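Given next are the chains, with one letter for each unit.
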Protein chains: 2
Amino acid sequence: MQRLDAGSADFGAKFAALVADRREASDDVSAVVADIVRQVAARGDEALADYCRRFDAFDPAEGGLRVPSADIENAKAHIDPAVADAMALAAARIRAFHEAQMPADHSETEDSGTVRGWRYTAVERAGIYVPGGRAPLFSSVLMNAIPAKVAGVEHLVMTTPAPGGRIDPHILAAVDLAGIDEVYRVGGAQAVGALAFGTETIPSVDMIAGPGNAYVAEAKRQMFGRVGIDMVAGPSEILIVADEGADPEVLAADLLSQAEHDPTSQSILITDSANLADAVDAALPAAFAAISTEAAARESWDANGAIITVSALMDAAPLIDALAPEHLALAMADPAPLFDAVRHAGSVFLGYQTPEAIGDYLAGPNHVLPTGRRARFSSGLGTASFMKRTTFLNVSAAGMAELGPAAAALAHAEQLPAHALSIERRLARR
Amino acid sequence: MQRLDAGSADFGAKFAALVADRREASDDVSAVVADIVRQVAARGDEALADYCRRFDAFDPAEGGLRVPSADIENAKAHIDPAVADAMALAAARIRAFHEAQMPADHSETEDSGTVRGWRYTAVERAGIYVPGGRAPLFSSVLMNAIPAKVAGVEHLVMTTPAPGGRIDPHILAAVDLAGIDEVYRVGGAQAVGALAFGTETIPSVDMIAGPGNAYVAEAKRQMFGRVGIDMVAGPSEILIVADEGADPEVLAADLLSQAEHDPTSQSILITDSANLADAVDAALPAAFAAISTEAAARESWDANGAIITVSALMDAAPLIDALAPEHLALAMADPAPLFDAVRHAGSVFLGYQTPEAIGDYLAGPNHVLPTGRRARFSSGLGTASFMKRTTFLNVSAAGMAELGPAAAALAHAEQLPAHALSIERRLARR
């Protein structure tokens, strides 16, 4: 962890280094990923079986790539009923928020009778990647699948690594809640390749969403163009701005709630109170001691954490925009002025009572958000991520008389005579 | 050109081949592009100067990379006033259509007092690539720049190749109309690299839009993630569905208006009338003879053109969705039922009086559209392409009491104890 003071002479250089630090896999995984994807495109299920045996100690020949629907329907019986209820609450709230995001169609008729507008339709087939690993991240299932279903995606396919063939029942319960149509036991770049190209067992999709490690992210990037992808995602991050009314023990927990994800995660605190900065620092050991994820959290905080003091909270605005954080928490008595002054952030958590963790699970907004300063140009996942806009135009006879000559003049100036001809032949027949 | 009949036994296989044909550069340009981008990132302006001398016979040391603003302001004086007027009409109509596309912010307050919603903000700095080549494609300047300015982009930068240092005055007149802030004389993958990384002269941007050749497209793909990009674009295409009321000479011009772009372009006609199919075929020689772009148009039509006969026009719907064309023209007396039945198309041109060329220039909808079946999952360029959505959440004390316990239960089930702690410490302090 580093402490920076915006008033010190070297702040500019130190802050610039913090902004420039990308924390993303520096290994060049692209060649490995290209080979895996090529294998899957060429050899289909046979290649997937090889990778499952090698990486997941699982042979699809026994058990099958596809998870039986009975396993999905029965999963809920295998989890704590309180967790099942909380999951249902989360699903309902996420669904309602994403229903409000449904984009509107538009049509306008000009005086000439010419009509122009657009309409939105859903992607037909979408694939969702859910990472495996230590813990069952079932909230990612809900956050990726519910917007797709709200958008109207008919065929929603999920892939996830299944070590030993096993998938956690929490994941399958979320699959059931979200209405995912098919689930396949395969992970990594090979799963992304299977979704993009299709295999004998796994159908190809039009678009792929969902988080994953550096191999999955690179595979999505390589498949972009053949299929749509939600985003290129990197390690998670939070930037908290707090005034001296914030509780240091609560802030310590907030910082570690990001740090515990992964050693490459990043938590930064900005405050105008040196006392608060010291108090948060002092509260961290007890917070570390309270969590079983201490090792990852400590590694992340030591390597990537920062506490920055500023002389006035509004001075944080340009720092926030430069970092363009995935998560921005404004733990302040009156967060509105700073929120209004900020432009680049994936999702914002306002006030003392809004931990990012509430948003991660069940507030409604999506937790799939742009990382690594990408909030400068991209949005989190939403309903429109699974839809596309088709514009339309119906030129009336009067509209052709009004617009045709000008359009033909432009076509000639662009040296595209057939464009002009298509207009001039219509004008000649009037 | 091939003729297909949906009633013939081999139609399925032949149509599948048509769908699978991607017409995109098969050369592997990625290594060349990666090297160019690396050179620009490492050597900045010096690398750009090398490429300008090599590819454009132009030395930025004399004349400069940046186009002087006086050249832009004076450009209008060097073009035909009728073309300048038509360009102004186009700009006004494109602007109005894209103003209607401004996405809406949203905020909702729950019974607990918890507030959730989202707001849209513009990308701060955007770059537009405009290809060089035979003809001055100034309409691309308008179609890329106007949505960016409507969105609220403050710094809009354009790059375009300038053979001998010269840029066509039509292009510069469009720059002036669209309000682009800076123009640089550099093209190719090196221009994309310069926009992504910045050089001593060219400022880096947050997002890059605009068409280009295979090198430009690959450079955008490689830079995706570091910056936003509008889309990965390929050769242009049109699919026309016509009933027997359509004029075969007009249709011949419509088909060639796509074919003349480039030998890799594709024009397809689907009709339920064998007579019309024959008449269009018979009308093509006169149309070819009428255009100075005959060579490219003929090459495109011979290699990629198709006329498909179906027994009923509604049978075209699944064929359209399988091809997911960039441009779909429904030259029919009543296009509404087929339009309603279709799902995947970039932009649709309805009725006998709506040539795609009107949409290319000045109807209002954008002409930057998904190609190569990408309309299955992506939209054309629009105002929202230059904006991003930030979600927000403000949990009230009552909201924390209502949602906190369920969120903490989910955090524990995901084995993320610091997430739970950040909630539980707040609940404990109530």
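Worth saying up front: this structure is predicted, and the values here are computed from it rather than measured.

Draft legend 1. Quick peek at the overall build of chain A. Of the regular secondary structure elements, chain A holds 17 helices and 14 strands. Summarising its shape, the C-alpha atoms of chain A cover approximately 85 × 60 × 45 Å along the three principal directions. Counting only residues that meet the buried cut, chain A has 62% of its 430 residues in that class. Total accessible area computed for chain A in this model is approximately 14600 Å², and 51% of it derives from carbon and sulfur atoms. When the 33 positive and 56 negative side-chain charges of chain A are each reduced to one mean point, those points stand 10 Å apart.

Draft legend 2. The UniProt feature "active site" (unreviewed entry) in chain A, seen in detail. All names here are of chain A. In the UniProt entry, the feature "active site" (unreviewed entry) is given for Glu-326 and His-327. For Glu-326, the location among the structural elements is in the loop between α13 (316-323) and β12 (327-331). Excluding its chain neighbours within four sequence positions, the residues that come into contact with Glu-326 are Ser-236, Glu-237, Gln-258, Gly-346, Ser-347, His-367, Leu-369, Pro-370 and Thr-371. Among the polar contacts made by the side chain of Glu-326, one reaches the main-chain amide nitrogen of Glu-237 at a distance of 2.9 Å. With respect to the helices, strands and loops of the structure, His-327 is situated in strand β12. Setting aside its immediate chain neighbours within four residues, His-327 contacts Ser-236, Glu-237, Ile-238, Leu-239, Gln-258, Ser-347, Phe-349, Glu-356, Asp-360 and Leu-369.

Draft legend 3. Spotlight on unusual backbone geometry. Even without being a glycine, Ala-57 of chain A presents a positive backbone phi close to 50 degrees. Inspection of the secondary structure puts Ala-57 of chain A in the loop between α3 (45-56) and α4 (69-74). One non-glycine residue, Arg-373 of chain B, lies in the positive phi region at around 70 degrees. Mapped onto the elements of the fold, Arg-373 of chain B is located in the loop between α15 (356-361) and β14 (387-394). Judged by relative accessible area, which is 24%, Arg-373 of chain B ranks as partly exposed.

Draft legend 4. Local environment of helix α1 (residues 11-20) of chain B. Residues and elements named next belong to chain B. Buried within α1 are the following residues: Phe-11, Phe-15, Leu-18 and Val-19. Taken down its axis, α1 places every buried residue within 100 degrees of arc, on the same side. Structural note: α1 exposes Ala-13 and Ala-20 on the side pointing more than 90 degrees away from its buried face. Tucked into the core, α1 has its buried residues touching β1 (2-5), β10 (266-271), β11 (306-309) and α13 (316-323).

Draft legend 5. Layout of the environment of His-419 of chain A. Its location among the elements puts His-419 of chain A in helix α17 (residues 417-428). Taking the relative accessible area as the measure of exposure, His-419 of chain A reaches 1% and is therefore buried. Each C-alpha atom, one on His-419 of chain A and one on Ala-408 of chain A, is 7.2 Å from the other, the two residues being 11 residues apart in sequence. When sequence neighbours within four positions are dropped, the list of residues in contact with His-419 of chain A reads Ala-411 of chain A together with Ser-257, Glu-260, His-261, Ala-357, Asp-360 and Tyr-361 of chain B. Within the structure, the side chain of His-419 of chain A is placed 3.0 Å from the side chain of Asp-360 of chain B, a separation counted as a polar contact.

Draft legend 6. Focus on the sheet that holds strand β5 (residues 155-160) of chain A. Overall, parallel pairing links the 5 strands, which are arranged β6-β5-β4-β7-β8 (chain A) in an open sheet. Two strands close off the open sheet at either side, each with one partner strand: β6 (182-185) and β8 (228-229) of chain A.

Draft legend 7. Representation of the relation of the copies chain B and chain A. Note on the copies: chain B fits chain A at an RMSD of 0.0 Å, the axial shift is 0.0 Å, and the rotation between them is 180 degrees. Taken together, the turn and the small shift mark the pair as related by a two-fold rotation axis. Here 100% of the interface residues in chain B have copies in chain A that are interface residues too; the copies meet face to matching face.

Draft legend 8. Inspection of the pattern of salt bridges at higher detail. If you walk through the whole model with that rule in mind, you get 37 salt bridges over all chains. Put simply, Arg-429 of chain B and Asp-247 of chain A hold a salt bridge, and the shortest N to O gap is 2.2 Å. Taken as a pair, Arg-429 of chain B in the segment after α17 (417-428) and Asp-247 of chain A in the loop between β9 (237-242) and α10 (248-259) lie in two separate chains rather than in one. Taking relative accessible area as the criterion, Arg-429 of chain B reaches 39% and is therefore assigned partly exposed. Among the residues examined, Asp-247 of chain A registers a relative accessible area of 25% and is labelled partly exposed. Where Asp-281 of chain B meets Arg-3 of chain B, a salt bridge forms, and the shortest distance between an N and an O atom there is 3.6 Å. Here Asp-281 of chain B is found in helix α11 (residues 274-289), whereas its partner Arg-3 of chain B is found in strand β1, with 278 residues between them in sequence. By relative accessible area, Arg-3 of chain B is classed as partly exposed at 37%. Through salt bridges with shared partners, a single network forms among Arg-43, Glu-46, Asp-50, Arg-53 and Asp-59 of chain A.

Draft legend 9. Structural view of the domain arrangement of chain A. Domain annotation of chain A identifies domain 1 (2-24 + 237-363), domain 2 (30-229) and domain 3 (395-428). Here the C-alpha centre of domain 3 of chain A lies 46 Å away from the C-alpha centre of domain 2 of chain A.

Draft legend 10. Here's a closer look at the environment of Thr-391 of chain B. Its place among the elements puts Thr-391 of chain B in strand β14. Through-space distance from the C-alpha of Thr-391 of chain B to that of Asp-181 of chain B is 30 Å; in sequence the pair is 210 residues apart. Other than its neighbours up to four places away in sequence, Thr-391 of chain B contacts Phe-97, Gln-101, Gly-346, Ser-347, Val-348, Pro-365 and Leu-369 of chain A together with Gly-117 and Trp-118 of chain B. Side chain to side chain, Thr-391 of chain B and Ser-347 of chain A meet in a polar contact 2.6 Å long.

Draft legend 11. Structural view of the interface of chain B and chain A. The interface is formed by 126 residues belonging to chain B together with 126 residues belonging to chain A. It is Arg-343, Glu-414 and Arg-426 of chain B in chain B that bury the most area against chain A; as a group they hold 7% of the surface buried on that side. Joining chain B to chain A, the criterion identifies 12 salt bridges. Asp-254 of chain A is the partner of Arg-426 of chain B in a salt bridge, and the nearest nitrogen-oxygen pair spans 2.7 Å. Top contributing element to the side of chain B that touches chain A by residue count: helix α16 (residues 397-413) of chain B, with 11 residues. In terms of residue class, the side of chain B that touches chain A is made up of 64 nonpolar, 34 polar and 28 charged. Relative to strand β13 (residues 347-350) of chain B, strand β14 (residues 387-394) of chain A runs parallel, the two sharing 3 bridges. Considered in β13 of chain B, the bridge of Phe-392 of chain A is made with Val-348 of chain B.

What counts as what
- Residues numbered from 1 in each chain as written.
- Chains lettered and ligands numbered in written order.
- Predicted model: local features only at pLDDT ≥ 70, side-chain atom pairs only at ≥ 80, totals over all residues.
- Heavy atoms only, no water.
- Helix = DSSP H or I, 4+ residues; strand = E, 2+ residues; numbered from the N terminus.
- Buried < 20%, exposed > 50% of the residue type's maximum accessible area, 1.4 Å probe, protein only.
- Areas by Shrake-Rupley, 256 points an atom, 1.4 Å probe, with all protein chains shown as cover.
- Lys, Arg positive; Asp, Glu negative; His and termini not counted.
- Charge placed at Lys NZ, Arg CZ, Asp CG, Glu CD.
- UniProt positions renumbered as here; feature names shortened; annotations may be inferred.
- Contact = heavy atoms within 4.5 Å.
- Polar contact = N/O pair within 3.5 Å; in protein donor to acceptor, adjacent residues only side chain to side chain.
- Arc of directions from axis to C-beta.
- Pairing = 2+ DSSP bridges.
- Least-squares fit on C-alpha atoms with pLDDT ≥ 70 in both.
- Salt bridge = Lys/Arg side-chain N within 4 Å of Asp/Glu carboxyl O.
- Domains from an automatic or database assignment.
- Buried area = accessible area lost by both parts, 1.4 Å probe.
- Nonpolar A, V, L, I, M, F, W, Y, C, P; charged D, E, K, R; others polar.

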